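Next come the chains, spelled out residue by residue.
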Amino acid sequence: MKDEHVNDINNYQKLYMQYAPMLLRFAGKFISPFFAEDIVHDVFLKIWDKQVFLLSESEVKNILFVAVRNACIDHLRRISLEQEFADKRAIQLKLDELSFYDGADELFMRKDLMAHVMAKINELPEKRREIFLLSYMEGLKAAEIAERLNLSTRTVENQLYRTLLFLRKELQTAFVYLFMFV
């Protein structure tokens, strides 16, 4: 039994050494090399107990390429869904921002209101304030901010969203008072 297991390991290693480089190149045509490597390794892990090395070489090659192809398709679909979610969230963030500024153009012209807004921005935690200022003062996109601050794009979008919620809540009272005295 032990010799059989050692033989299986040797066959598996031989199979890996023979096909992994081809499969990595194949997957690398469609996805980033980092993910291609993960996919190829996952495929080999999935076939470990399937005894595929007992099949003919053409059958093994076909199984491996189909498995890698399908894993690449799944990966690309997952990325597409994640991007769609991120895009929808970014659009919602912009819509929320537009709703916040609706009718407030004249108010932001006033020096005292701007000072109040800046005071509220300065109350933000340091990273959130930095993200907000990069976005709204320098006009950087979430992906650019994420790259500059070594954060994920989702983190940046989440922080911008939270900041807008905070500012909307904190500045709502200021807008009410200004409307009463105008």
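Residues numbered from 1 in each chain as written. Predicted model: local features only at pLDDT ≥ 70, side-chain atom pairs only at ≥ 80, totals over all residues. Heavy atoms only, no water.

- Taking an unreviewed UniProt entry as the reference, the protein chain is identified by name as RNA polymerase sigma-70 factor belonging to Bacteroides xylanisolvens.
- The heading Sequence similarities (unreviewed entry) in the UniProt record of the protein chain holds the text "Belongs to the sigma-70 factor family. ECF subfamily." (UniProt positions renumbered as here; feature names shortened; annotations may be inferred.)

1. Things to note about the side chain of Thr-163
Link 1 in the chain: Its place among the elements puts Thr-163 in helix H8 (residues 153-181).
Link 2 in the chain: A distance of 2.8 Å separates a polar atom in the side chain of Thr-163 from the backbone oxygen of Gln-159.
Link 3 in the chain: Beyond its immediate sequence surroundings of up to four residues, Thr-163 is in contact with Leu-124, Arg-128 and Phe-132. (Helix = DSSP H or I, 4+ residues; strand = E, 2+ residues; numbered from the N terminus. Polar contact = N/O pair within 3.5 Å; in protein donor to acceptor, adjacent residues only side chain to side chain. Contact = heavy atoms within 4.5 Å.)

2. Focus on the pattern of salt bridges
Link 1 in the chain: A complete count under the given rule lists three salt bridges for this structure.
Link 2 in the chain: Between Glu-123 and Lys-120 there is a salt bridge; the shortest N-O distance is 3.4 Å.
Link 3 in the chain: Between Lys-127 and Glu-130 there is a salt bridge, with its nearest N and O atoms 3.8 Å apart. With Lys-127 and Glu-130 both in helix H6 (residues 126-136), this residue pair falls three residues apart, about one helical turn. (Salt bridge = Lys/Arg side-chain N within 4 Å of Asp/Glu carboxyl O.)

3. Observations regarding unusual backbone geometry
Link 1 in the chain: Phi angles above zero are rare outside glycine, and Asn-150 is one such case at about 60°.
Link 2 in the chain: Looking at where Asn-150 falls in the secondary structure, it is placed in the loop between helix H7 (142-149) and H8.
Link 3 in the chain: Look at Asn-150 and you get exposed, because its relative accessible area is 70%. (Buried < 20%, exposed > 50% of the residue type's maximum accessible area, 1.4 Å probe, protein only.)

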